[in-house]
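# Architecture and fold: a report
Here is what each chain is made of, one letter per residue.
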Amino acid sequence: MIPASTRYARATDLEHALSLLAEPEAKAIAGGQSLIPVMKLRIARPSLVVDISRLDLRGVTERDGELHIGPLTTWSDVIGSDELDRPALAAIPECARGIGDLQVRNLGTIGGSIAHADPASDMPAVLLALGARLRLRSPETKRELRLADALLGPFLTALGPQELLTDIVVPVPTRGSGSAYVSVEHPASGFAVVGAAAVAGPGGETVALTGVGATPFVLSGDGIAAADIFGDTFASAEYRRDLASVLTERALASARTRASEDS
């Protein structure tokens, strides 16, 4: 299908981007791998598309025991980052390698995935398990919130209409930690029917799931039995619950193995 008529503007810096987003129904675009498909289906009809792809918000760095991932960092950047080449953070590039095809990985951005908030998106589960936080900017304020508090529902986040994600902050797990991501994808769409991210180490173990609820979420102490898991035309709730149990064990086993290697 063909998108509805819209206008286009390329932001030259962050302040310019925020001013452009003041227009009602304006939408930011970076890689376009999430927004363009829903525009083609006319689910999204922005009055103005604000291109933020040239902003200086790309790259992976570590400072003071925390990882900083620019929201415009592509999946290919994530896969090739030396900062992520360690057992404690292995789930991040492991997840990125399975996202889309080569074109999607070269153009799609980690920030775009978070802002789009697809309930079957892979990377938010990994970032949830790692305790990620988001830094946001609007024309008037800067704020920070946990990723868990930013994901409100299917395709719905706590970001305001004139607010941009400027940094993804991931606490680096302590020495002796490992992380892993495993999923079973739908053969047609490539999206996760169920995905499980696990972190294991001296501080305990954390598991987050995607594809099974309104948003990706961290498992509570009551485990999968207490989780609110839905069914649809692709897989029943019972099937997803059983699959989530299997993938959780696989992700934990891999994370524990990597933790033993993180010396």
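The text that follows walks through the structure, step by step, so that each part is easy to find. Source: prediction; values computed, not measured. (Residues numbered from 1 in each chain as written. Predicted model: local features only at pLDDT ≥ 70, side-chain atom pairs only at ≥ 80, totals over all residues. Heavy atoms only, no water.)

## Looking at the pairing of strand β7 (residues 142-146)
- As judged from the five bridges shared by strand β6 (residues 133-137) and β7, these two strands associate in the antiparallel manner. Opposite Leu134, over in β7, you have Leu145 as the bridge partner.
- As consecutive antiparallel partners, β6 and β7 are separated by four residues. (Pairing = 2+ DSSP bridges. Helix = DSSP H or I, 4+ residues; strand = E, 2+ residues; numbered from the N terminus.)

## Quick notes on the sheet that holds strand β14 (residues 217-218)
- Taking strand neighbours across the sheet as the criterion, the four strands line up as β11-β12-β13-β14 in an open arrangement whose pairing is antiparallel. Edge strands, defined here as strands with exactly one partner in the open sheet, are β11 (178-185) and β14.
- Against the sheet, helix α9 (residues 237-261) contacts β11, β12 (192-201) and β13 (204-210), and its axis sits at roughly 35° relative to β12. (Contact = heavy atoms within 4.5 Å. Axes fitted to C-alpha atoms, helices over the stretch in contact; angles between N-to-C directions.)

## Some points on α9
- Compared with an ideal rise of 1.5 Å per residue, which puts 25 residues at 36 Å, α9 spans 36 Å between its outermost C-alpha atoms and is within 8% of the ideal.
- Three or more residues of α9 are buried, namely Arg240, Leu243, Ala244, Leu247, Thr248, Ala251, Leu252, Ala255, Arg258 and Ala259. (Expected span 1.5 Å × (residues − 1). Buried < 20%, exposed > 50% of the residue type's maximum accessible area, 1.4 Å probe, protein only.)

## Remarks on the pattern of salt bridges
- Going through the model one piece at a time under the given rule, you end up with 16 salt bridges.
- Arg10 is paired through a salt bridge with Asp51; the nearest N and O atoms lie 3.6 Å apart. On the criterion of sequence distance, the pair formed by Arg10 in strand β1 (residues 7-10) and Asp51 in strand β3 (residues 48-51) is long-range, its members being 41 residues apart.
- By relative accessible area, Arg10 is classed as partly exposed at 39%.
- Note that Asp262 and Arg175 form a salt bridge whose closest N and O atoms lie 3.6 Å from each other. Of this pair, Asp262 sits in the segment after α9 while Arg175 sits in the loop between β10 (164-171) and β11; the two residues are 87 residues apart in sequence, bridging distant segments of the chain.
- Asp262 sits in the buried class, given a relative accessible area of 10%. (Salt bridge = Lys/Arg side-chain N within 4 Å of Asp/Glu carboxyl O.)

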